[in-house]
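# Coordinates in review
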Amino acid sequence: MGKLKRKDYQALLEPMQLELAAMARWVQHTGQRVLVLFEGRDTAGKGGAIQAIAEHLNPRQCKVVALPKPTDRESTQWYFQRYVSHLPAAGEIVLMDRSWYNRAGVEHVMGYCTEAQYRSFLAQAPVFEKLLIDDGIVLFKYWLSVDQAQQEKRFAERHLDPLKGWKLSPVDLESRSKYSAYTESREAMLRATHNDDAPWTLVDFNDQKRGRLGLIRNLLDRLPDTRVDEPVLALPPLKGKLHKEHFGVLKPIEPFVVG
């Protein structure tokens, strides 16, 4: 199966984005709280998948959360504490670009947490998620997978592209040789945290365009197919003459001319 061409990808994505907009209206109308976790290999394409979902949604309603390294104070708190303030309120959708599962992945593999902290996390995560679900949060957990050869190709692209260089961190470089260790850690995480209440969904992201489409389709299919009519706003004709923009004493930059 060849990679999906961009024009074909866009043709398939656009109707799904219309469904996402309809889903967002339903979430707002009913006061649902939707939380989607995006986990996976480095370079898998978490950011692109999140962007495809959030692109045409109201950013006041659909919030993207990508937390930095914990501060010194946060590192002394209950592990889940700093994520709680980012949970969705009524009518909101939260897309987490990595989540509390950092502890079961990079922190464990790279030795950033103790074995006791890691074991405690595996025991507490299902309990924490059950509390969220029992309180009414609609939770989805996606793991984006990518083969090591494809991952190496994407690392090389980031290394050579100055516009993508920010995506390549020292931790990424250090973890390149730990692909198998990440596999073992992922399998242990799935065994401990995949359950009927909060199941994991694995998505093949060797072809990122196909991966995005598959993930979005899965997300839409698992939500109620409920339609809320979009409000129709009348745009009456404007009375009076049209005015030109005035800038007072300031001179605006001239429009950019191509060629």
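Residues numbered from 1 in each chain as written. Predicted model: local features only at pLDDT ≥ 70, side-chain atom pairs only at ≥ 80, totals over all residues. Heavy atoms only, no water.

What counts, and what does not: UniProt positions are given in the numbering used here, feature names are shortened, and annotations may be inferred rather than shown by experiment.
Per an unreviewed UniProt entry, the recorded name for the chain is ADP/GDP-polyphosphate phosphotransferase, and the organism is Stenotrophomonas bentonitica. In its Function (unreviewed entry) section, the UniProt record describing the chain reads: "Uses inorganic polyphosphate (polyP) as a donor to convert GDP to GTP or ADP to ATP."

### Structural notes on the overall build of the chain
The following threshold applies: For helices the rule is a DSSP run of H or I covering at least 4 residues; for strands it is a run of E covering at least 2, with both sets numbered from the N terminus onward. We call a residue buried when its accessible area falls under 20% of the maximum for its residue type, exposed when it is over 50%, and partly exposed in between, using a 1.4 Å probe and counting protein chains only. Any two residues whose heavy atoms approach within 4.5 Å are treated as being in contact. Calculation of accessible area relied on Shrake-Rupley with a 1.4 Å probe; when residues are assessed, cover is drawn exclusively from the protein chains displayed. For this count, His and the chain ends are skipped, Lys and Arg are scored as positive, and Asp and Glu as negative. Where a charge lies is defined by one atom per residue type: Lys uses NZ, Arg uses CZ, Asp uses CG and Glu uses CD.
Along its length, the chain carries 9 helices and 5 strands. Beginning at the N terminus, the succession of helices and strands in the chain can be written as α-β-α-β-α-β-α-α-β-α-α-α-β-α. Taking the principal axes of the C-alpha coordinates as reference, the chain spans close to 70 × 50 × 45 Å. Every one of the 259 residues in the chain was classed for burial, and the buried ones make up 41%. Within the chain, residue pairs in contact and separated by at least 24 positions form 79% of the contacts whose partners lie at least 6 positions apart. Approximately 16,000 Å² of the chain is accessible, and the part contributed by carbon and sulfur atoms is 56%. Put simply, the chain has 37 plus and 33 minus side-chain charges, and the middle of one group is 4 Å from the middle of the other.

### So, the environment of H159
Along the chain, H159 turns up in helix α6 (residues 148-160). Taking relative accessible area as the criterion, H159 reaches 60% and is therefore assigned exposed.

### A short note on the UniProt feature "domain: Polyphosphate kinase-2-related" (unreviewed entry) in the chain
UniProt records the feature "domain: Polyphosphate kinase-2-related" (unreviewed entry) at residues 4-229, using the numbering of this structure. End C-alpha atoms of residues 4-229 are separated by 33 Å, and the span's content is 49% helix alongside 14% strand.

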